[in-house]
Amino acid sequence: MRRMSGKRESVVDVQGTVEDGFEPVRDAFMANFARRGERGAAVAVYRHGRKVVDLWGGTRDGDAGDDPAAAPWEAGTAQVIRSATKGIAAVVPLMLHQRGQLDLDAPVGTYWPEFKAAGKERVLVRHLLTHRAGLPVLDTPLTPAQAIDGVSGPAALAVQAPAWEPGTDHGYHAQTYSWLLGELVLRATGRTLGSWVADEIAGPLGLDLWIGLPEAEQSRVGRLAAVEPPAPPAAAGLRVRPKRSVADAYADPDSLTRRAFAAITPAPDENAPAYRAAELPASAGIATARSLARCYAALIGSVDGHSRLFAPATLTLARSEESAGPDRTLLVPTRFGLGFMLHGPSSPLLAPGAFGHPGRGGALACADPESGLAFGYVTNGMQRGVTADPRAQALLRAVAAASHGAG
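Residues numbered from 1 in each chain as written. Predicted model: local features only at pLDDT ≥ 70, side-chain atom pairs only at ≥ 80, totals over all residues. Heavy atoms only, no water.

We now examine the packing of helix H2 (residues 84–98) against helix H7 (residues 193–205). Axis separation between H2 and H7 bottoms out at 10 Å; the angle between their running directions is 75 degrees. When the axis of H2 is compared with that of H7, the two are roughly perpendicular. Here Ile88, Ala89, Val91, Val92, Met95 and Leu96 of H2 come into contact with H7, specifically with Leu193, Trp196, Val197 and Ile201. Residue composition of the contact of H2 with H7, grouped by class: 10 nonpolar, no polar and no charged. (Axes fitted to C-alpha atoms, helices over the stretch in contact; angles between N-to-C directions. Helix = DSSP H or I, 4+ residues; strand = E, 2+ residues; numbered from the N terminus. Parallel < 35°, antiparallel > 145°, perpendicular 65-115°, else oblique. Contact = heavy atoms within 4.5 Å. Nonpolar A, V, L, I, M, F, W, Y, C, P; charged D, E, K, R; others polar.)

Let us look at the environment of alanine 84. Here alanine 84 lies in helix H2. Judged by relative accessible area, which is 0%, alanine 84 ranks as buried. On a C-alpha basis, the gap between alanine 84 and leucine 207 in space is 15 Å, while along the polypeptide they are 123 residues apart. Sequence-distant contacts of alanine 84, defined by excluding residues within four places in its chain, comprise His357, Pro358, Gly359 and Ala363. (Buried < 20%, exposed > 50% of the residue type's maximum accessible area, 1.4 Å probe, protein only.)

What follows concerns the sheet that holds strand E5 (residues 79–80). Where strands meet in a sheet, backbone hydrogen bonds hold them as pairs that are either parallel or antiparallel. Taken in spatial order, the 3 strands of this open sheet run E5-E8-E6, and their pairing is antiparallel. Every other strand in the sheet has two partners, leaving E5 and strand E6 (209–210) as the edge strands with one partner each. As paired strands, E5 and strand E8 (residues 286–287) are joined by 2 bridges and run antiparallel to one another. When the bridges of E8 are listed, glutamine 79 appears paired with alanine 287. (Pairing = 2+ DSSP bridges.)

Time to look at the packing of aromatic side chains. Within this structure, the stated rule accounts for 9 aromatic pairs. On the numbers, 6.4 Å between centres and 80 degrees between planes, the contact of phenylalanine 310 with phenylalanine 340 is edge-to-face. Taken together, the positions of phenylalanine 310 in the loop between helix H11 (289–300) and helix H12 (312–319) and phenylalanine 340 in the loop between strand E10 (333–336) and strand E11 (341–342) put the pair 30 residues apart, joining distant regions of the chain. When its relative accessible area of 0% is taken as the criterion, phenylalanine 310 is described as buried. Residue phenylalanine 340 is classed as buried on the basis of its relative accessible area of 0%. (Phe/Tyr/Trp six-rings, centres within 6.5 Å; stacked < 30°, edge-to-face > 60°.)

An ideal rise of 1.5 Å per residue puts 16 Å on 12 residues; H11 measures up with 17 Å between its terminal C-alpha atoms. When you tally the buried positions in H11, you get 11 out of 12 residues, the bulk of the element. Looking at H11, one finds that the buried residues are Ala289, Ser291, Leu292, Ala293, Arg294, Cys295, Tyr296, Ala297, Ala298, Leu299 and Ile300. (Expected span 1.5 Å × (residues − 1).)

Turning our eyes to something else, we now look at H12. Those residues of H12 lying buried are Thr314, Leu315 and Ala318. Looking straight down H12, one finds that the buried residues subtend no more than 100 degrees of arc, so they occupy a single side. Turned more than 90 degrees off the buried face of H12, the exposed positions are Pro312 and Ala313. Contacts from the buried residues of H12 go to H2, H11, E11 and strand E12 (355–358). (Arc of directions from axis to C-beta.)

Attention now goes to the pairing of strand E13 (residues 364–368). Counting buried positions along E13 yields 5 of 5 residues, so the element is predominantly enclosed. Side chains of E13 alternate between two faces, with Leu364, Cys366 and Asp368 and Ala365 and Ala367 buried alike. Taken together, the 4 bridges between E12 and E13 define a ladder with antiparallel strand orientation. Across the sheet, the residue bridging to phenylalanine 355 is alanine 367, located in E13. In sequence, E12 turns back onto E13 through a hairpin of 5 residues, with glycine 361 there showing a positive phi of about 100 degrees. As paired elements, E13 and strand E14 (residues 373–379) share 5 bridges and run antiparallel to each other. Across the sheet, the residue bridging to leucine 364 is tyrosine 377, located in E14. Hairpin connection of E13 to E14: 4 residues between the antiparallel strands, including glycine 372 at a positive phi of 75 degrees.

Here the focus is the side chain of glutamate 38. The residue glutamate 38 is located in the loop between helix H1 (23–35) and strand E3 (40–47) in this model. Residue glutamate 38 is classed as buried on the basis of its relative accessible area of 6%. Of note is the side chain of glutamate 38, whose polar atom sits 2.6 Å from the side chain of threonine 379. Those residues in contact with glutamate 38, other than ones at most four positions away along the chain, are Asn32, Phe33, Tyr377, Thr379 and Arg391. (Polar contact = N/O pair within 3.5 Å; in protein donor to acceptor, adjacent residues only side chain to side chain.)

Before going further, it helps to spend a moment on the pattern of salt bridges. Between side chains of opposite charge, pairing is possible as soon as their charged atoms come close. According to the stated counting rule, one finds 24 salt bridges in the structure shown. Residue arginine 191 pairs with glutamate 200 through a salt bridge whose shortest N-O separation is 3.3 Å. Relative accessible area serves as the criterion here: at 26%, arginine 191 is assigned to the partly exposed category. Connected through salt bridges with shared partners, the residues Arg99, Arg191, Asp199 and Glu200 form a single ionic network. (Salt bridge = Lys/Arg side-chain N within 4 Å of Asp/Glu carboxyl O.)

Within the element layout of this structure, histidine 173 appears in the loop between helix H5 (152–159) and helix H6 (177–189). A polar contact is formed between the side chain of histidine 173 and the backbone nitrogen of leucine 135, at a distance of 2.9 Å. Non-local contacts of histidine 173, meaning those with residues more than four positions away in its chain, are made with Lys86, His131, Arg132, Ala133, Gly134, Leu135, Pro136, Trp164 and Leu180.

What follows is the structure in structure tokens.
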């Protein structure tokens, strides 16, 4: 692999490494700064367990603007990855199932007896992972302090009645996924989901990836900021303005869509140290792009002598379709396996057999077992998309083109 930096089409200095044949990824990454509103970001790709792309550039903080004195994005800069956290979190129950410690077809109440209330007796563990539990909203939203206290979220969901009959349909559990999965893992293992990730996944693989950021790592994390999406044709073929029906749903305070994302009200400060330290498996994971790609590479194969995390049967579970069609929350067609989004028009991934998870505003991590590719992208510039971002999509297209050229 060769060391490179460059300023093509942009004043941003892009740093990192690109293996021969994967130069299109570098070009797409640089174009994101020049044409797609990127401020600070990183992208990494593994192929058959070996790193082939590792790039970063821009400023560490998304709200730094064009300040020439702004701190640069460095090799070890990490970022809040929002809902891309959900894919990492899903690894935990699947590995527990693989080890015989969790039954995916058992009622959630088997592990969490208080959960059986209000018509939830038949909610299965797999329903939590596939957004079929009927629990995307809370009748009484949590405050930011309640959301991170480890108690209020599970207590609220234990008494919450489902919005539809569990198991009959799917709707994205944008925020409640945190407390549903977190409490399930705690009841089944006696360990928090974040500590399980740290001990069983991040530690052994040497990942800069956390669900619950340690105080000692706070200084490595860049600040998020909202940015405007690019106009066509720089939008990588994506619709950058939502359909009117979707926009209306986000604007309507009584809609399932708005209420799902407002399960924490007011919206938390994602740059606050307390939020970064919280174990919110739906939204508050923090990682480098390199570690996201390495984690997904380890799900599908061996990495640097480490055995793969998912046995073949578990990998099949992760990417076998469990939910598909119009999403009650997002109002667009979505596809889910057990805990992972699957490739589809609303969330294009590396290939039809790929699985992963985007983060609202930009981040994306995924893997394609057939090609052996694993991909991670993080950014500090939050655009408005939920399931597909023009910058991530441009990078995915470049990865696909490069991998085909590399054979």
